[in-house]
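Below are the chains, spelled out letter by letter.
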Amino acid sequence: MRKTQRITMAQALVRHLAALRVEMADGSLQPYVGGVFSIFGHGNVAGIGEALAAERHTLPTWRAHNEQGMAHAAVAYAKAQFRQRILAVTTSIGPGATNLVTSAALAHINRLPVLLLPGDTFASRAPDPVLQQLEDFGHGDLSVNDCLRPVTRYFDRIMRPEQLLHALPRAIHTMLDPASCGPVCLALPQDVQTQAFDCPEDFLHPETLRFRRMPPDGAELARAAQLLRSAQRPLLVVGGGLLYSQAWHALRAFAEAYGLPVAETQAGKGSLPWAHPLNVGAIGVTGSPAANTLAREADLVFAIGTRLQDFSTGSHSLWGEVPVLSLNVQAFDASKRGCTALVADARRGLEQLQTALAGWQAAAQWTARARDLAASWATRVNELTTSPLPSGLPYDAEVIGAVQASVPDSASDDIVVCAAGTLPAELHKLWRSSTPGGYHVEYGYSTMGYEIAGGLGAKLAHPGKEVIVMVGDGSYMMMNSEIATSVLLGRKLIVVVLDNRGFGCIHRLQRASGSPLFNNMLDDCIPEGGKASAIDFAAHARSMGAHAVHVADINALRQALQAARAASGTQLIVINTTAERSTADGGCWWEVAIPEVSTRTEVNQARTRYERAKQDQKL
């Protein structure tokens, strides 16, 4: 007969999470749940709040300032841990819960695990309608938490305490599964959180968690090997799945064995050291000229752990009609757009392919061309990032160069964090990643406001590393409150704010689309009777406890970065930049629909260019 303890549902949940251990890639055991972010309120303070307080010495709980921010931090933590460890997030009912939706979508798109535990309205319905309760006229069982269903991989509502015994392990194993990995949600009615039941003791002492490495199917492996053997000019395109598999050593061995150039997506950047002679840089819309040239010349594209989204593929125009072999742990991704699928863990797939390809080589001229293009691009990157103009405001590349130069050789594993706007494009091309995980850019959802919260999550995952957050003024204004959280938790960040006075990236896209200047740059948004915006970002950050300065130029930025590295607490450095410049080298077409009919000549010209470019698009 199973031994039981009389405890509440919330106590059982928290004790199970606190007891979970996971076997890491190096064989060590670590707590699977690194901690819990919480903003308490109506619906979670008395139930799960009481349970977390009792376990706070084994399962730390951190208070944040915004539910979306703390969920962003949890997602970033999982990304920084290569999906091996997670954080949980608990909120009140109502707006606290709905603030999770953007972060859940971000995690879903990026295939990243996070455990969402929003409070919910009473299962008994006795006091309905309670404060913050949604009343749907046609669905009596609906709550605001149901908006999390389409942006989570597993969703359940715990209506009786004993349901937790099955729902929680299912949620955990969804996050552990390499193919289904993503955010999960257990909605917790506040009365059920506090109800006691006879909890089996073995639930409070769960087995060690382990990750599954899916081997390739024999027939798919043979077909993949045959496809590679028939190619003379293959290009490897690597995505985040390779990093989550921790397959970087296998990638390097594979590329070197067969003389294959490696191009990196945003999520895959850092898979191969930037200085490796076969690393041809970023691919796609934000890609290097080396990678994109080879993509157009390749006779086979071998995609590894990538979703093949529009920024990586030039809206499916970059490499035309050549065959694509796709190695991915998720069959949905491996079989996109007529790809030849090899469904397997990236590391297992590469290792077995290498055995199957013994004796084969890419064409020697192809390997030599790739090395020459990679070397030329490395020289050009150095020019772009170390040769600022003698006058005028700097642009992103020059700021990136200053930040890169501040990284000492002994700290080459520092982490740079970014998310949205022009900065990810410039970083994708120009940042020199030496170690896997050192480049932390969220571009699957391109989520403005992720940057500072994401930096906090990366710092919690790697407290011994310097985390440098690069953020534009537009993203800073969308979410900055976790600067105060970093101060509260004693987790130092270095935040570099590039102030170009508006949404510079969309400003340039708007102009390229033929539209007039409208509603993007702050100076273009002042209505009659309005007032020009003048935001002192340094003063704002100081008000939250950070040390902050506004520097005049790149030389002053370099000095401020050295001081920031030597300091102990969170640092913020602001520099004015221009929205009118970006790196012209590289890139390719990205489909942005242009009006078919317009009174503006510029729009009609943009439409003509758009229709011409669509002719190269592979449907």
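Details of the structure are given in the entry above.
On a predicted model such as this, the values are computed, not experimentally measured, just so you know.

Engineer: Sorry if this is basic, but what is going on with the pairing of strand E14 (residues 300-304) here?
Structural biologist: The side chains of a regular strand alternate between both faces of the sheet. Counting buried positions over the five residues of E14 gives five, a clear majority of the element. Burial along E14 is two-sided: the face carrying Leu 300, Phe 302 and Ile 304 and the face carrying Val 301 and Ala 303 are both buried. Examined bridge by bridge, strand E11 (residues 234-238) and E14 share five bridges and lie parallel to one another. Bridging from a neighbouring strand, Val 237 pairs with Ala 303 of E14. Two elements, E14 and strand E15 (residues 324-328), share four bridges in a ladder whose sense is parallel. Following the sheet pairing, Ala 303 is matched in E15 by Ser 326.

Engineer: I would appreciate a short explanation of helix H8 (residues 218-229) in the present structure.
Structural biologist: Each α-helix turn comprises 3.6 residues. Residues three or four places apart therefore point the same way. Over its twelve residues, H8 extends 16 Å from the first C-alpha to the last, a length consistent with the 16 Å expected when each residue adds 1.5 Å. Among all positions in H8, only Glu 220, Leu 221, Ala 224, Ala 225 and Leu 228 are buried. Considered in projection along H8, the buried side chains sweep an arc of 135 degrees and stay on one side of the axis. Every exposed residue of H8 that faces more than 90 degrees away from the buried side is listed here: Gly 218 and Gln 226. Buried residues in H8 make contact with E11, helix H10 (248-258), E14, E15, strand E16 (340-343) and helix H14 (346-356). In this structure Asp 217 caps H8, since a side-chain oxygen of it lies 3.0 Å from the backbone nitrogen of Ala 219.

Engineer: Please explain the sheet that holds strand E9 (residues 183-189) as it appears in this structure.
Structural biologist: In a beta sheet, neighbouring strands are held together by backbone hydrogen bonds and run either parallel or antiparallel to one another. Spatially, E5-E4-E6-E7-E9-E8 is the arrangement adopted by the six strands of the open sheet, whose pairing is parallel. Looking at which strands have only one partner, the edges of the open sheet turn out to be strand E5 (61-63) and strand E8 (154-157). Going from strand to strand, the sheet's axes swing by 20 degrees on average, the running direction of each strand aside. Direction of pairing for strand E6 (residues 86-91) relative to strand E7 (residues 114-120): parallel, over a ladder of four bridges. For Ala 88, the partnering residue across the bridge sits in E7 and is Leu 115. Where helix H3 (residues 67-80) meets the sheet, its contacts fall on strand E4 (33-38), E6 and E7, and the angle it forms with E6 comes to roughly 165 degrees.

Engineer: Which parts of the structure should I look at to understand the side chain of Asp 333?
Structural biologist: Note on placement: Asp 333 falls in helix H13 (residues 331-334). A distance of 3.0 Å separates polar atoms of two side chains, one belonging to Asp 333 and the other to Lys 336. Here Asp 333 is in contact with Arg 111, Thr 306, Arg 307, Ser 326 and Asn 328, once residues within four sequence places are set aside.

What counts, and where the lines are drawn
Residues numbered from 1 in each chain as written. Predicted model: local features only at pLDDT ≥ 70, side-chain atom pairs only at ≥ 80, totals over all residues. Heavy atoms only, no water. Buried < 20%, exposed > 50% of the residue type's maximum accessible area, 1.4 Å probe, protein only. Helix = DSSP H or I, 4+ residues; strand = E, 2+ residues; numbered from the N terminus. Pairing = 2+ DSSP bridges. Expected span 1.5 Å × (residues − 1). Arc of directions from axis to C-beta. Contact = heavy atoms within 4.5 Å. Polar contact = N/O pair within 3.5 Å; in protein donor to acceptor, adjacent residues only side chain to side chain. Axes fitted to C-alpha atoms, helices over the stretch in contact; angles between N-to-C directions.

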